[in-house]
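Chain by chain, the residues:
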Amino acid sequence: MNNFIFENKTKVYFGKGGVKEYLGCLLKKYGKTVMLAYGGGSIKHNGVYDEVTGILNAAGKTVVEFSGIMPNPTYAKVQEGAKLAREKGVDLILAVGGGSTIDTGKAIDLVLSMGGTTIADYYHVAEPEHKVKIIAIPTTSGTGSENTPCAVICDAVTGRKEIPIFRADLALVDPVLTYTVPAKVTAATGLDVLAHCAEAITNRNYNAYANIVAKEGIRLTMKYLKTACEKPKNVEAREKMALAANLGGQAIAETGCSIGHSFSQTFGAMNHIPHGLGCAWALPSCMTYTAKYGRREDLAETADAMGVAYKDSDDAMVIAKAISDVLVAFMKELGVVSIKDMGYTLEDCLKSADLFQYDAAFANAPGKPSVEEVREYIKDTYFIYQ
């Protein structure tokens, strides 16, 4: 076994009804003015907004609303939030939503903690002391952003997704908040969990702790994602998927992702593709790419967690193809649309090839793929799921 290091700096409160049970008490630790960061109108329609603002008001907090956070959040939105937070004297950021909302909240907090004005100055700095605290409340089971040490922000100048370093101080993972998530979003975010876990195991940064966490995330996703899509208020399925997402976040916090995320974070940024969908498309070919340069035992562990059969005599590529076949079948079972059916051509996809080298996940991929190998990987990604 290789040597490894692990740590978890974010305190997580997990469980059904956790927002009602814990949020009011937690708010007593912090100052008067709270920024409530959220996306579109969905949390207003599903009751989450009323629940959270009710608790904030009961705690006597002054609420500064910051809404309109979209998928693939931009650095301009971060600038806007940081400016508002500074003007209003915000003491705490409460990020309620999916990964994009939580990432935006973390990026705003980074700017405030550094005393600056633009997130672009802090893409590659060590995490500072948190001068403003942040609580993450995920409303989807996907990115695990409440548990990762970074944010993912689209930079309008570079055209790339940048990954500044910042963690949430606390997280409230309440599966009840995911009951109203539509089936298509549940599927895409759930497959993002699968991508996090499989890429955490198979990239170059071996970590025994991360592997244990990731394998459980894979097992839970394979068992419960379909039920969560078909029966959105199934308590067990929603709880297990919320746990799987949190585990996936912890796994990539230790090892990072791999080339599959490089596709999602480059092609996705260029075309405004939801992160989870991009990761789903990229995962089957990520496994076969890994077989060329990665460790057979990592693929075998991934296969074991997925329930994919293989023989002791099978080499890495045979195992990888078996995993890929199961993933493709699973995606079809969930009704995930293909890249082609979304209206994109292979040529559209290949435009992202030169950007892989700038993506943070790319350095974690086994081997040292050239641009030509990246182009081959993109071709495999385009044709493997049709």
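Calculation criteria
Residues numbered from 1 in each chain as written. Predicted model: local features only at pLDDT ≥ 70, side-chain atom pairs only at ≥ 80, totals over all residues. Heavy atoms only, no water. Buried < 20%, exposed > 50% of the residue type's maximum accessible area, 1.4 Å probe, protein only. Helix = DSSP H or I, 4+ residues; strand = E, 2+ residues; numbered from the N terminus. 1 Å grid on protein atoms, 1.4 Å probe; cavity = no way out; pocket = protein on both sides within 12 Å on 5 of 7 lines; lining within 4 Å. Points joined across faces, edges and corners; volume = space filled by probe spheres on them. Nonpolar A, V, L, I, M, F, W, Y, C, P; charged D, E, K, R; others polar. Pairing = 2+ DSSP bridges. Contact = heavy atoms within 4.5 Å. Salt bridge = Lys/Arg side-chain N within 4 Å of Asp/Glu carboxyl O. Disulfide = S-S within 2.5 Å. Core = buried A, V, L, I, M, F, W, Y, C linked by side-chain atoms within 4.5 Å. Axes fitted to C-alpha atoms, helices over the stretch in contact; angles between N-to-C directions. Phe/Tyr/Trp six-rings, centres within 6.5 Å; stacked < 30°, edge-to-face > 60°. Lys NZ or Arg CZ within 6 Å of the ring centre and 35° of its normal. Parallel < 35°, antiparallel > 145°, perpendicular 65-115°, else oblique.

Q: Sorry, what's going on with helix α11 (residues 296-306) here?
A: Along an α-helix, residues three or four positions apart point the same way, because every turn accommodates 3.6 residues. For α11, a buried count of 8 out of 11 residues is recorded, marking the element as mostly surrounded by other parts of the structure. Turning to α11, its buried residues are Asp-298, Leu-299, Ala-300, Glu-301, Thr-302, Ala-303, Ala-305 and Met-306. Gly-307 lies just past α11 and shows a positive phi near 80°.

Q: Is there a simple way to explain empty space enclosed by the protein in this structure?
A: Gaps between atoms show up when a probe of the same size as a water molecule is rolled over them. In total, this model carries 3 cavities of 30 Å³ or more according to the counting rule given. Here the largest cavity defines a volume of roughly 90 Å³. Taken together, 17 residues form the lining of the largest cavity, with Pro-138, Thr-140, Ser-141, Gly-142 and Glu-146 sitting closest to its centre. Class assignment for the residues of the lining of the largest cavity results in 6 nonpolar, 9 polar and 2 charged. Looking at the second largest cavity, its volume works out to about 50 Å³.

Q: Hey, could you run me through the pairing of strand β8 (residues 170-173) in this one?
A: Regular strands place side chains that alternate from one sheet face to the opposite one. Residues Leu-170 and Leu-172 line one face of β8 and the alternating positions Ala-171 and Val-173 line the opposite face, and both faces are buried. Examined bridge by bridge, strand β1 (residues 11-14) and β8 share 4 bridges and lie parallel to one another. Along β8, the bridge assignment pairs Lys-11 with Leu-170. Note: strand β5 (residues 133-138) against β8, 2 bridges, orientation parallel. Paired with Ala-136 across the bridge in β8 is Ala-171.

Q: Just to check I follow, could you spell out the side chain of Thr-104 for this structure?
A: Counting through the fold element by element, Thr-104 comes out in helix α5 (residues 99-114). Of the residues examined, Thr-104 reaches a relative accessible area of 0% and is grouped as buried. Each residue touching Thr-104, except ones within four places of it in the same chain, is listed here: Phe-66, Ile-69, Pro-73, Val-78 and Ile-153.

Q: Is there a simple way to explain the pattern of salt bridges in this structure?
A: Any two side chains of opposite charge can pair, given that their charged atoms come close. What the rule picks out here adds up to 12 salt bridges. Where Glu-297 meets Arg-295, a salt bridge forms, and the shortest distance between an N and an O atom there is 3.4 Å. The structure contains a network of salt bridges with shared partners spanning Lys-226, Glu-230 and Glu-333.

Q: Would you mind going over the state of the cysteines with me for this structure?
A: Each disulfide consists of one covalent bond between the sulfur atoms belonging to two cysteines. Applying the stated criterion across every chain yields a total of 0 disulfides. Cysteine Cys-229 remains unbridged, with the sulfur of Cys-197 as its closest cysteine sulfur at 16 Å. For Cys-349, which is in no disulfide, the shortest distance to another cysteine sulfur is to Cys-279 and amounts to 14 Å.

Q: Any chance you could explain the layout of surface pockets here in plain terms?
A: Each pocket or cavity is described by its volume, and for the second largest pocket that value is around 160 Å³. Along the walls of the second largest pocket sit Pro-71, Asn-72, Thr-74, Cys-154, Asp-155, Ala-156, Gly-159, Ala-269 and His-272, which together make up its complete lining. Of the residues contributing to the lining of the second largest pocket, the split by class is 4 nonpolar, 4 polar and 1 charged.

Q: Before we go on, may I ask you to explain the nonpolar core in this structure?
A: Most often, soluble globular proteins have nonpolar side chains that are buried together. If you look at the biggest cluster of nonpolar residues, it comprises 71 residues, and the most contacted ones within it are Leu-191, Phe-263, Trp-281, Met-287, Ile-323, Tyr-377 and Ile-378. Residues contacting Ile-378, with those up to four places away along its chain left out, are Phe-263, Leu-346, Cys-349, Leu-350, Ser-352, Ala-353 and Phe-356.

Q: I would appreciate a short explanation of the sheet that holds β1 in the present structure.
A: Strand pairing within a sheet occurs via backbone hydrogen bonds; the two strands may be parallel or antiparallel. Strand order in the open sheet formed by 6 strands is β1-β8-β5-β4-β2-β3, and the pairing between neighbours is parallel. Two strands in the sheet have a free side with no partner beyond their single neighbour: β1 and β3 (62-66). Direction aside, neighbouring strands of the sheet carry axes that sit 20° apart on average. Of the strand pairs in this sheet, strand β4 (residues 92-97) and β5 are connected by 6 bridges, and their pairing is parallel. Its bridge partner being in β5, Leu-94 is matched across the sheet by Ile-135. Set on the sheet, helix α8 (residues 235-255) makes contact with β1 and β8; between it and β1 the angle comes to about 170°.

Q: I tried to follow the packing of aromatic side chains on my own but got confused; where do I start?
A: What characterises a pair of aromatic rings is the spacing of the ring centres plus the angle enclosed by the ring planes. For the structure on display, the rule yields 9 aromatic pairs. Plain terms: the ring middles of Phe-263 and Phe-267 are 5.1 Å apart, the flat faces sit at 15° to each other, and that makes the pair stacked. Highlighted residues: Phe-263 and Phe-267, both in helix α9 (residues 259-271), separated by 4 residues, approximately one helical turn. Each member of the pair Phe-263 and Phe-267 is classed as buried. Look at Phe-267 and Tyr-344: their rings are 5.2 Å apart centre to centre, the planes differ by 80°, and that puts the pair in the edge-to-face class. With Phe-267 in helix α9 and Tyr-344 in the loop between α12 (316-333) and α13 (346-350), this pair connects stretches of sequence that are 77 residues apart. Given a relative accessible area of 1%, Phe-267 falls into the buried group. Its relative accessible area of 17% is what places Tyr-344 among the buried residues. Of the aromatic side chains, those joined through ring pairs into one cluster are Tyr-289, Tyr-293, Phe-356, Phe-362 and Tyr-377. The ring of Tyr-49 has Lys-44 lying over it, and the distance from NZ or CZ to the ring centre is 4.8 Å.

Q: Help me understand the packing of α9 against helix α14 (residues 371-384) in this model?
A: Helix-helix packing is described using two parameters, namely the angle between the two axes and the distance between the axes. Here α9 crosses α14 at 80°, and the two axes come no closer than 11 Å. It follows that α9 is roughly perpendicular to α14 by the angle criterion. Mapping the contact onto sequence places Ile-259, Gly-260 and Phe-263 in α9 and Tyr-377, Ile-378 and Thr-381 in α14. Here the residues of the contact of α9 with α14 sort into 4 nonpolar, 2 polar and no charged.

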